[in-house]
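# Remarks on the overall topology
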Amino acid sequence: MDDIYSLWRYLQEKFQESLSKVSYDTWIDSAVPVRLTDTNIIIEVPSSLHKDYWQNNLMSRIVEGIYEFSGKELTPIFMIKNEEMPDIAKPTVKRNNSNNNRLFKDAQLNSKYTFDTFVIGKGNQMAHAAALVVAEEPGTIYNPLFFYGGVGLGKTHLMHAIGHQMLQLRPTAKVKYVSSETFANDFINSIQNRTQEQFRNEYRSVDLLMVDDIQFFADKEGTQEEFFHTFNALYDERKQIVLTSDRLPNEIPKLQERLISRFAWGLSVDITPPDLETRIAILRKKANSERLEIPDDTLSYIAGQIDSNIRELEGALVRVQAYSAIQGTDITTSLAADALKSIMPSEKPKALSIYAIQQAVGKYYHVTVEELKGKKRTKGIVVPRQIAMYLSRVMTDNSLPKIGSEFGGKDHTTVIHAHDKIALSLKKDPVLQREIETIQNSLKK
Ligand SMILES: Nc1ncnc2c1ncn2[C@@H]1O[C@H](COP(=O)(O)OP(=O)(O)OP(=O)(O)O)[C@@H](O)[C@H]1O
């Protein structure tokens, strides 16, 4: 047989003809042929999700392609990047989807949030791949699909992309996207207006239900109850459910156990902040779509300034664009530096107040600022209080006694103790790390 590369090129062409561009880019482009033996071809893929997809959906086509090219029957073995070579896992059993023949236009999708406009990077590769699987094979493999991660990292974008892709493949599908607040409001209105049946018909007849930011279900007992039944009805019918949150279900305070366990039935994928290359690629794509001429070094400069939140990154580009329009000059790195000067975070943002930190921590852990400042020593309050003290110490320039006094007149040694305790826990507790990162990001918004 010719070498592995000619074979691979042949397979690539074959897949290029038969797959959509986004599928090709996701599955084929990310795969690397590693070795050819008498009986196998070994292919490296980026994640277990890619491996599953290959095994479930592309297996017969690749075997066929190899046979066409070489006349040999080889079995592909998929190896996950950076992992030891695995056995061939058994493909997941697929179920059939029931048909739906209503045309549904009111999906509430943002036309800009598609797979085409989504830039894939290390932090979102797995989430993107899972999103594509779900759009193409709703209700079968990953149900529910749960995205979690910090603010402005593309969770909503991916959800909408799933909706668009599914409607493109099945124009009659009924797709519904709502924020968790909309779900809660619709439910409450249906009680007030005695239209509960209509509400249930609406939510339980969709093929794809996407609910954004479900951390806001915390504290809403009745809504959780209703969502539980909506979830069950859809799941039993093998309809796809996609959810997002800023944290994992078991980290959402006051979320019912039975919901937590159901959310774990499917796949939970986190989205982490993009690295520099991805940030540059996002800016470049955005600049191209807006037909902006921006030199590469300027894009790198902007991407280097804003590192945690893509929404802010886009905001920076808009700012630079506006600045250049006002000045009537081209966009250059020095112009970008001038435009962004006032929004650049300093080492320690001095404007941040202890009160703002108390509010952010209180909101996250569902305790009041009064409780944070009070003396109650229950665990649900003590830890958030210590976190708020810790953040006041590291994110502001306030003195220890000043911080103590802002926490209901506590001694400065209490603040030192809180700081040291949280700093120590942070070293070994990834959950706490993520929680604190989320709070810090919300303070930078
Ligand atoms: N990988 C990406 N490629 C291109 N644009 C992206 C990407 N990720 C995010 N964006 C853009 O960043 C902005 C913020 O993304 P999005 O609203 O999806 O974030 P989010 O994670 O849902 O945030 P929140 O938690 O605040 O709801 C959007 O304009 C989105 O299009």
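Report follows, based on the coordinates. (Residues numbered from 1 in each chain as written. Predicted model: local features only at pLDDT ≥ 70, side-chain atom pairs only at ≥ 80, totals over all residues. Heavy atoms only, no water.)

So, about the pairing of strand β8 (residues 267–271). Taking every second residue as pointing to the same face, the buried face of β8 carries Leu267, Val269 and Ile271, while none of Ser268 and Asp270 on the other face is buried. Across five bridges, the pairing between strand β4 (residues 145–149) and β8 is parallel. Bridging from a neighbouring strand, Gly149 pairs with Ile271 of β8. (Buried < 20%, exposed > 50% of the residue type's maximum accessible area, 1.4 Å probe, protein only. Helix = DSSP H or I, 4+ residues; strand = E, 2+ residues; numbered from the N terminus. Pairing = 2+ DSSP bridges.)

The next point concerns the packing of aromatic side chains. Given two aromatic rings, one states the distance between the centres and the angle between the planes to describe the pair. The tally for this structure, following the rule as stated, stands at 20 aromatic pairs. Seen from their ring centres, Phe227 and Phe231 are 6.4 Å apart, and the 65 degrees between their planes marks the pair as edge-to-face. A residue pair is termed a helical-turn pair when its members lie 3 or 4 positions apart in one helix, as Phe227 and Phe231 do in helix α8 (residues 221–236) at four residues. Across the pair, Phe231 and Phe227 agree in class, each one buried. Measuring from ring centre to ring centre gives 5.9 Å for Phe231 and Tyr235, while their planes differ by 10 degrees; the resulting arrangement is stacked. In this pair, Phe231 and Tyr235 both sit in helix α8, four residues apart, roughly one turn of the helix. For Phe231, a relative accessible area of 1% puts it in the buried group. Judged by its relative accessible area of 24%, Tyr235 is partly exposed. Here the aromatic cluster, defined as three or more aromatic residues joined through ring pairs, consists of Phe146, Phe183, Phe187, Phe199, Tyr203, Phe217, Phe227, Phe231, Tyr235, Phe263 and Trp265. Just above the ring of Tyr203 sits the side chain of Lys176; from NZ or CZ to the centre is 4.9 Å. (Phe/Tyr/Trp six-rings, centres within 6.5 Å; stacked < 30°, edge-to-face > 60°. Lys NZ or Arg CZ within 6 Å of the ring centre and 35° of its normal.)

Spatially, the three strands line up as an open sheet ordered β1-β2-β3, and their pairing is mixed. A strand with exactly one partner marks an edge of an open sheet, and here the two such strands are β1 (32–36) and β3 (75–80). Looking at each pair of strands side by side, their axes are set apart by 30 degrees on average, direction ignored. Here helix α1 (residues 4–18) sits on the sheet and contacts β1 and β2 (40–45); the angle it forms with β1, its principal contact strand, is near 135 degrees. The sheet strands contacting helix α3 (residues 48–70) are β2 and β3, and the helix crosses β3 at an angle near 155 degrees. (Axes fitted to C-alpha atoms, helices over the stretch in contact; angles between N-to-C directions. Contact = heavy atoms within 4.5 Å.)

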